[in-house]
Amino acid sequence: MPEPNTDLSQGNQTLLRLWPWLAVLPFAVLAWAHWTDDPSIFSSDYAQYLLHAKAIAEGRPYGDVGYISTEHNPLIGPGVQPPGWPLILAPFVALFGTGLLAPKILVTLATCAFLCATALRFSRDDSRTVALLAVAICGVALESDFAINTPLSDLPFAAFLWGLILFVDSDTPLSWRRAVIVWFAGLLVMSVRVLGVALVPGFFLLAILRRRDRAQLLAIACAWSALGMV
């Protein structure tokens, strides 16, 4: 009998491991097409993130960005933005200044990570084909709105959040070691966007529903709550 083609078998296994990246391809094609585009003139919040990052890189107070907020127009934006995204940007701003190339690369990588994590999570409840198609459509929808051209915190937030969901929502019991990682990851999510505080009531609810990990989930949620009260 002919021996099995081990090279082909190994190649198929590699393709199986890399399947989530197929969901990223439509987004990547659009991102390449939009790469030289500048942010919309109607998008300005990203500048505040970059100025916070510059203040961090230069050792100045975090809020020293020259932005004048007013209570008479609260919809324009907060006086300061959450620190997570500026902290990530700060080393790149220190090296390359406040140009948009490095932030665009970071946002593009964050979007790829978000799409891959989402595809992997969806595939736990549906077929890989369904997960691939759903996430590919999501990527196209994002980049049809020129998502990578404005270095906001939305896509890094989505990447961290779905990475956390993928890590927590597992058939494996949540050990105390993993619980500590989840707690730190949750702090990162909350530091990038204030919306991340929804994790706190979410974990309390999950603790009620998931008896197996109740002690760890309650400990995580209580630790987040205690830190928020400090």
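The structure displayed is predicted, hence computed values, not measured ones.

The rules behind these values
- Residues numbered from 1 in each chain as written.
- Predicted model: local features only at pLDDT ≥ 70, side-chain atom pairs only at ≥ 80, totals over all residues.
- Heavy atoms only, no water.
- Helix = DSSP H or I, 4+ residues; strand = E, 2+ residues; numbered from the N terminus.
- Buried < 20%, exposed > 50% of the residue type's maximum accessible area, 1.4 Å probe, protein only.
- Contact = heavy atoms within 4.5 Å.
- Areas by Shrake-Rupley, 256 points an atom, 1.4 Å probe, with all protein chains shown as cover.
- Lys, Arg positive; Asp, Glu negative; His and termini not counted.
- Charge placed at Lys NZ, Arg CZ, Asp CG, Glu CD.
- Phe/Tyr/Trp six-rings, centres within 6.5 Å; stacked < 30°, edge-to-face > 60°.
- 1 Å grid on protein atoms, 1.4 Å probe; cavity = no way out; pocket = protein on both sides within 12 Å on 5 of 7 lines; lining within 4 Å.
- Points joined across faces, edges and corners; volume = space filled by probe spheres on them.
- Nonpolar A, V, L, I, M, F, W, Y, C, P; charged D, E, K, R; others polar.
- Salt bridge = Lys/Arg side-chain N within 4 Å of Asp/Glu carboxyl O.

This part takes up the overall build of the chain. Across its full length, the chain carries ten helices and zero strands. The N-to-C order of helical and strand elements in the chain reads α-α-α-α-α-α-α-α-α-α. If you line up the chain on its principal axes, its C-alpha atoms span 80 × 50 × 30 Å. Counting only residues that meet the buried cut, the chain has 36% of its 230 residues in that class. Relative to all contacts within the chain whose residues are 6 or more apart in sequence, the contacts with residues 24 or more apart total 72%. Summing over all exposed atoms, the chain offers an accessible surface of approximately 13,600 Å²; the carbon and sulfur share of this is 68%. Taking the average place of the 14 positive charges on the side chains of the chain and the average place of its 16 negative ones, the gap between the two points comes to 11 Å.

Moving on, we come to the packing of aromatic side chains. One pass over the full model with this rule turns up three aromatic pairs. Judged by centre distance (4.9 Å) and plane angle (70°), the rings of Trp183 and Phe184 are edge-to-face. The exposure class assigned to Trp183 is partly exposed, which follows from its relative accessible area of 21%. Relative to Trp224, the ring of Phe203 lies with its centre 4.8 Å away and its plane at 70°, an arrangement referred to as edge-to-face.

Below, the discussion takes up the layout of surface pockets. Roughly 270 Å³ of volume is contained in the largest pocket. Surrounding the largest pocket, 14 residues form its lining, Asp145, Ala147, Thr150, Leu152 and Asp154 being those nearest its centre. The set of elements that each furnish at least two residues to the lining of the largest pocket consists of helix H6 (128–144) and helix H7 (154–168). Broken down by class, the residue content of the lining of the largest pocket amounts to eight nonpolar, three polar and three charged.

Following the criterion strictly, the structure yields eight salt bridges and no others. A salt bridge links Asp169 to Arg121; the nearest nitrogen and oxygen atoms lie 2.6 Å apart. Note that Asp169 is positioned in the loop between H7 and helix H8 (176–192) and Arg121 in helix H5 (residues 101–122), a separation of 48 residues in sequence. Overall, the relative accessible area of 28% leaves Asp169 in the partly exposed class. Note that Asp154 and Arg193 form a salt bridge whose closest N and O atoms lie 3.7 Å from each other.

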